[in-house]
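Here is what each chain is made of, one letter per residue.
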Amino acid sequence: RADLALPDSMPFVRWIRRFVRAECDLLWGKNVVFALADHARETGHTFFLYGGTPEACAGTRRFLEETFPHVRIVGAVSPPFRPMTADEDRVLCEQINALSPDIILVGLGTPKQDYWIDDHVAKLQGSVMIAVGAVGGRCTVTGTVTVTTCPSRAVIASVITAMPGKRGTSASRL
């Protein structure tokens with residue numbers, strides 16, 4: 001139930017084309033993150049980063065803030081590599097809700113990020129959640145993995161244009 005799920009590998013693209021019978025292009029989380037960060041110059045959207053190791057989370061934050069000085073990252077959390085307790089999850093949700101980010105970038109890898117988003121749709125108020133993938137969303141952002149191809153700017157622009165509005169607000173906000 002993510003607001004935006006990105007087919008970031010050819011097996012996903014082929015699966016969507018075959019079983020969903022829909023046209024689909026490869027779209028890496030990294031490229032969407034960059035496009036949204038750049039677009040935030042006009043919109044002022046705020047971000048919250050969730051996922052990865054503490055080093056990857058901090059590195060992603062540092063890279064985005066250096067590359068896009070206008071970007072406001074209101075929080076970043078590297079979750080434990082175990083299921084969170086109910087109390088830990090409640091505190092995390094309270095923290096995120098208090099910060100009220102416009103966009104939550106969830107980088108846990110598939111399918112973990114998809115389950116996390118599904119479990120938190122009703123718990124996190126007013127934020128658009130985007131599953132960006134562990135490798136696509138974090139490692140390529142911070143330079144841990146080198147990527148030599150990328151989708152066209154037109155595909156990324158169409159994602160931004162079609163991006164759903166923040167829950168409970170108009171779509172034009174994003």
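Q: Sorry, what's going on with the packing of aromatic side chains here?
A: Here a ring pair, both rings aromatic, is described through the centre-centre distance and the interplanar angle of the planes. One pass over the structure, following the stated rule, counts four aromatic pairs. An angle of 40° between the planes, with centres 5.8 Å apart, marks the rings of Trp-15 and Phe-19 as tilted. With a gap of four residues between them, Trp-15 and Phe-19 both fall in helix 1 (residues 10–20), about one helical turn apart. Using a relative accessible area of 47% as the deciding quantity, one classes Trp-15 as partly exposed. Judged by relative accessible area, Phe-19 falls into the exposed class, the value being 55%. Here Phe-34 and Phe-68 contribute two aromatic rings whose centre-to-centre distance is 6.0 Å and whose plane-to-plane angle is 50°, an arrangement assigned as tilted. Separated by 34 residues along the polypeptide, Phe-34 in helix 2 (residues 29–43) and Phe-68 in the loop between helix 3 (54–67) and strand 3 (72–77) bring together distant segments of the chain. Take Phe-34: its relative accessible area is 22%, and that puts it in the partly exposed class. For Phe-68, a relative accessible area of 10% puts it in the buried group. Three or more aromatic residues joined by ring pairs form one cluster here, namely Phe-34, Phe-63 and Phe-68.

Q: Help me out: how do you make sense of the side chain of His-45 in this one?
A: Along the chain, His-45 turns up in the loop between helix 2 and strand 2 (46–50). Here the side chain of His-45 touches Thr-43 through a polar contact of 2.6 Å, side chain to side chain.

Q: Got a minute to help me understand the confidence of the model for the protein chain in this structure?
A: Parts of the model with low pLDDT should not have their predicted coordinates read in detail. Residue-level pLDDT values for the protein chain average 78, and 72% of them are 70 or greater. Summarising per-element confidence for the protein chain, the mean pLDDT is lowest in helix 7 (residues 153–162) (45) and highest in helix 4 (residues 86–99) (97). Segment residues 136–162 is flagged for pLDDT under 50; beyond a separation of four residues in sequence, or across chains, it makes 52 contacts in the model.

Calculation criteria
Residues numbered from 1 in each chain as written. Predicted model: local features only at pLDDT ≥ 70, side-chain atom pairs only at ≥ 80, totals over all residues. Heavy atoms only, no water. Phe/Tyr/Trp six-rings, centres within 6.5 Å; stacked < 30°, edge-to-face > 60°. Helix = DSSP H or I, 4+ residues; strand = E, 2+ residues; numbered from the N terminus. Buried < 20%, exposed > 50% of the residue type's maximum accessible area, 1.4 Å probe, protein only. Polar contact = N/O pair within 3.5 Å; in protein donor to acceptor, adjacent residues only side chain to side chain. pLDDT = per-residue confidence, 0-100. Contact = heavy atoms within 4.5 Å.

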